[in-house]
Amino acid sequence: MNSSFIGKSVESFVNFLFMHFRSWFDAFSAGLGAVIHLFEISIAAIPFYVMLVAIVGLAVWRKGVFFAIFAGLALGSIQYMGLWNQTVSTLSLVVAATFFSLVVGIPLGIWGARNKRVEVVLRSALDFMQTMPAFVYLIPAVILFGLGKVPAVIATIVFAMPPVVRLTTLGIKQVREELVEAGRSFGSTDLQLLWNIQLPNALPSIMAGVNQTIMMALSMVVVASMIGAGGLGEYVISGIQRLDIGIGFEGGLGVVLLAIILDRITESFGVKSKKKKKVKA
Amino acid sequence: MFKSFAMKASAAAVCTLGLLTAQVAKAEEAAVKIATTNWADVLAVANVVKYVMETKLKQPVQFVQADIGIQYQGVARGDLDLMVGGWLPVTHATYFARYKNDMEDVGVIYKGGKNGWAVPAYIPESQLSSIADLSKPEVKEKLKGTIQGIEPGGGLMQASEKTISAYNLDMKLQSSSEAGMLASISRAYPAKEWVVATVWSPHWLFQKYKMRYLKDPKGTLGGEETIHAFGSKEFGKKFPKAHAMMKKFNMTLADVEAVEMEGNSTNDYATAAKKFVDAHPEKVKAWLAK
């Protein structure tokens, strides 16, 4: 088993980046690390009961009483299993990765919708990011950014960003032509057109992308803990290492419960804005 | 609609897979199934065993790659016939306690395995030679307060946690994976940055990088480890010749490291094992003695 020219070039490229731009990567890593840390401490600062009330309240507002009861029970059982700290750590990783995915992904998606060439390039890049097995970029991430939360968030961003880019592009392209033309005939600039017509109408699609991005980020939890992400993923790996079915299951259940809560709540925002949009349009 | 299709499709896939594996299992029943992991020490020993069994005993061997915990479970259940990297008394104590009644301790392969914390040799020994030195503020700062660890929950990591509290260290044990730990060393090494990692011997990392173990005066990371071969309960009955050979099989730590070094640099453990066996006919004779 030896890599060919293709693999060797990638390896030398990573080494080249590391040797020549090390100080840049270190600075970037420190900056990103500070932002991730900020997310983490602000989420960790919220006491369990405040978080419980907030999420149950959100659940009642967005999804109704039945889901609120489920969310309450889910959070209660996470607390009961003693996994609250791990869940907070995982949640902050997901929030940070989602945040960066959206900050980069939504503008990229808009650009893709407005420029055919950009869209073609983006599509191939996104295919690559989504299908390249995540394990593959763990080691380059560690070489460039060191062990810990930073490479974990970067690996998660690579995996989780594609849906929001794709669905932003799709959403904008699906805005009805009459609406766009109406906007133009009233003399809208490109920016006004985007802000007042295209984005509001594309919102359900964009929100679906946000929802998918969060889910993808959650699915990276265990893999990312192999390079120091910590949280529930670490708990799961610990269970595997000890052949402890109970620990593994509880860690996994924590991920599932967190996923259901995040999925249902973020999904509901897409549905609501659809209604709003109809009134507006 | 899509969901139900996906469910049907995956159910069909699972059934097909089951049938396929059953077929494959039937075809390969005659082979000794040896568990391997991508750890250099296990690969070195397993390939030597494979080469000897296949060429001297005409006994086919099949490698099954599995995580270490799964190996114990597989051998205990009888799905795997043999594993050649069982570390006692400390590293695999949890697994051993759990499965010792369901498997056979076929014998000791080599002695001198070791767990510990190691640092690159460019870190001056005057500043950092013992685990106790990690409590010095300037040392801690240069190491960014972190010990680079491997998969959480395993023997070495549990011992490392004990060590942190025994020495009263204010450092974080960063759990990741073996690959993550190695990557963080290869990141620090060219820039001569300070780094401390949980490692073990034999490991090719000591050939690739100049590293030294930190002294462990309290002995919380454990002493010398002995590496055992564990077989399933049926191993002796199913493969009497291979079993007799494994009873006599042993290597020295230097043997294992030699195969490892060759195997790791060429990425071809099978050839490295062949070279080693062909160069040591007297050892093979002893292993095959009636």
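Looking up chain B in an unreviewed UniProt entry gives the name Glycine betaine ABC transporter substrate-binding protein, with the organism given as Leeia speluncae.

You'll find chain A entered in an unreviewed UniProt entry as Proline/glycine betaine ABC transporter permease, with Leeia speluncae given as the organism. Here chain A is described in UniProt, under the heading Subcellular location (unreviewed entry), as follows: "Cell membrane". If you open the UniProt record of chain A and go to Sequence similarities (unreviewed entry), you find "Belongs to the binding-protein-dependent transport system permease family."

This part is about the nonpolar core. Across soluble globular proteins, you tend to see nonpolar side chains buried next to one another. Membership of the largest hydrophobic core comes to 87 residues, with the highest contact counts inside it found for V48(B), M53(B), W117(B), L134(B), M246(B) and F249(B). With eleven residues, helix 2 (residues 40-56) of chain B is the largest single contributor of residues to this core. Not counting the four nearest positions on each side in its chain, L134(B) is found in contact with W117(B), L128(B), V139(B), K140(B), L143(B), L169(B), M171(B) and L214(B). Counting residues in hydrophobic clusters, the runner-up holds 85 residues, among them L91(A), L138(A), A217(A) and M220(A).

Looking now at the UniProt feature "domain: ABC-type glycine betaine transport system substrate-binding" (unreviewed entry) in chain B. Per the UniProt record, "domain: ABC-type glycine betaine transport system substrate-binding" (unreviewed entry) is found at residues 31-278 of chain B. Along residues 31-278 of chain B, the helical share is 42% and the strand share 23%, with 23 Å between the first and last C-alpha atoms.

So, about unusual backbone geometry. All names here are of chain B. Following L88, the chain continues into P89 via a peptide bond in cis, with omega recorded as 0°. Here P89 lies in the loop between strand 3 (82-88) and helix 4 (93-99). Residue P202 follows S201 across a cis peptide bond; omega there is 0°. For P202, the location among the structural elements is in the loop between strand 7 (197-201) and helix 8 (205-208). Even without being glycine, K58 reaches a positive phi, approximately 55°. Tracing the backbone through its elements, the reader meets K58 in the loop between helix 2 and strand 2 (61-65). Relative accessible area serves as the criterion here: at 67%, K58 is assigned to the exposed category. The backbone of K144 shows a phi angle near 55°, a positive value even though the residue is not glycine.

With that settled, the discussion passes to the interface of chain B and chain A. By a frequent convention, interface size equals the accessible area lost on bringing the separate parts together. Opposite the 28 residues of chain B that make contact, chain A presents 26 residues. When the buried surface of chain B facing chain A is broken down by residue, P152(B), R187(B) and N267(B) rank first, second and third, together holding 27% of it. Joining chain B to chain A, the criterion identifies two salt bridges. The partner of D26(A) in a salt bridge is R187(B), and the shortest N-O contact between them spans 2.9 Å. Applying the counting rule to chain B against chain A returns eleven residue pairs in polar contact (both at pLDDT 80 or more). Looking at the side of chain B that touches chain A, the elements with two or more residues in it are helix 3 (68-77), helix 4 and helix 7 (178-188) of chain B. By residue number, the principal contributor to the side of chain B that touches chain A is helix 7 of chain B, which donates six residues. For the side of chain B that touches chain A, the residue count by class is eight nonpolar, 15 polar and five charged.

Residues and elements named next belong to chain A. With numbering aligned to this structure, UniProt lists the feature "transmembrane region" (unreviewed entry) at residues 27-58, 65-84, 90-113, 134-161, 214-233 and 245-262. Between the first and last C-alpha atoms of residues 90-113 the distance is 33 Å; the span itself is 100% helix and 0% strand. Measuring from the first to the last C-alpha atom of residues 214-233 gives 16 Å, for a span that is 65% helix and 0% strand.

Our focus in this paragraph is the packing of helix 2 (residues 22-44) of chain A against helix 8 (residues 149-173) of chain A. Residue and element names in this part refer to chain A. Interaxial distance between helix 2 and helix 8 falls to 9 Å at its minimum, and their mutual angle equals 90°. With respect to each other, helix 2 and helix 8 are oriented roughly perpendicular. For the pair formed by helix 2 and helix 8, the contact residues are F28, S29, L32, G33, I36 and E40 on the first element and K149, V150, V153 and I154 on the second. Among the residues forming the contact of helix 2 with helix 8, the class breakdown is six nonpolar, two polar and two charged.

A side chain with one charge can pair with a side chain of the opposite charge if their charged atoms come near. Per the stated rule, a full pass over the model turns up 21 salt bridges over all chains. The residue E267(A) makes a salt bridge to K63(A) at a minimum N-O spacing of 3.5 Å. With E267(A) in helix 13 (residues 245-280) and K63(A) in helix 3 (residues 48-63), this residue pair connects regions lying 204 residues apart in the sequence. The class of K63(A) is partly exposed, set by a relative accessible area of 36%. With a closest N to O distance of 4.0 Å, R176(A) and E178(A) form a salt bridge. Neither residue differs from the other here; R176(A) and E178(A) are each classed as exposed. Members of the salt-bridge network, linked through shared partners, are R22(A), D26(A), R187(B) and E193(B).

The next thing to look at is the pairing of strand 3 of chain B. The two faces of a sheet get side chains in turn, since along a regular strand they alternate between them. All names here are of chain B. Buried residues dominate strand 3, accounting for seven of its seven residues. As judged from the two bridges shared by strand 1 (residues 32-36) and strand 3, these two strands associate in the parallel manner. Residue A35 lies in a different strand from strand 3, and its bridge partner there is M83. Relative to strand 9 (residues 224-232), strand 3 is paired through five bridges, and the arrangement is antiparallel. Directly across from L82, in strand 9, lies its bridge partner G231.

Once that is clear, we can look at the layout of surface pockets. Computed from the structure, the second largest pocket encloses a volume of approximately 840 Å³. The wall of the second largest pocket is formed by 31 residues, among which F145(A), L147(A), G148(A), K144(B) and T146(B) lie closest to the centre. Here the element with the most residues in the lining of the second largest pocket is helix 2 of chain A; it accounts for nine residues. When the residues that make up the lining of the second largest pocket are grouped by side-chain class, the tally is twelve nonpolar, ten polar and nine charged.

What counts, and at which threshold
Here the residue numbering is sequential within each chain, running from 1 through the sequence in written order. The order in which chains are written sets their letters, starting at A; the order in which ligands are written sets their numbers, starting at 1. pLDDT decides what is reported in this predicted model: residues at 70 or higher carry local features, side-chain atom pairs at 80 or more are listed and counted, and totals for whole chains, interfaces and linings draw on all residues regardless. Think of the side-chain values as coming from all heavy atoms in the structure, minus any hydrogens and water. UniProt positions are given in the numbering used here, feature names are shortened, and annotations may be inferred rather than shown by experiment. Here the nonpolar core consists of buried residues drawn from Ala, Val, Leu, Ile, Met, Phe, Trp, Tyr and Cys, with membership extended through side-chain atoms lying within 4.5 Å. A simple rule labels every residue: compare its accessible area, found with a 1.4 Å probe on the protein chains alone, to the largest value its type can have, and call it buried under 20%, exposed over 50%, or partly exposed in between. The numbering of helices and of strands both runs from the N terminus, where a helix is a DSSP run of H or I of at least 4 residues and a strand a run of E of at least 2. The contact criterion used is simple: two residues touch if any of their non-hydrogen atoms lie within 4.5 Å. Simply put, the buried area is the total loss of 1.4 Å probe accessible area from both parts when two parts are fitted together. The salt bridge definition used is simple: a Lys or Arg side-chain nitrogen within 4 Å of an Asp or Glu carboxyl oxygen. As used in this structure description, the phrase polar contact means that two N or O atoms lie within 3.5 Å; if the pair is within protein, one of them must be able to donate a hydrogen and the other to accept it, and residues adjacent in sequence are counted only when both atoms belong to side chains. When residue character is reported, Ala, Val, Leu, Ile, Met, Phe, Trp, Tyr, Cys and Pro are called nonpolar, Asp, Glu, Lys and Arg charged, and the others, Gly included, polar. Fitted lines through C-alpha atoms give the axes, limited to the stretch in contact for helices. The angle between two N-to-C directions lies from 0 to 180 degrees. Here the word oblique covers every angle except those under 35 degrees (roughly parallel), over 145 (roughly antiparallel) and from 65 to 115 (roughly perpendicular). A strand pair is defined by DSSP finding two or more bridges across the two strands. Lining residues are those with an atom within 4 Å of a point, where the points come from a 1 Å grid over the protein atoms alone and group into cavities, where a 1.4 Å probe fits but cannot get out, or pockets, open sets with protein on both sides within 12 Å along at least five of seven lines. Grid points are joined across faces, edges and corners, and a volume is the space filled by probe spheres set on the points.

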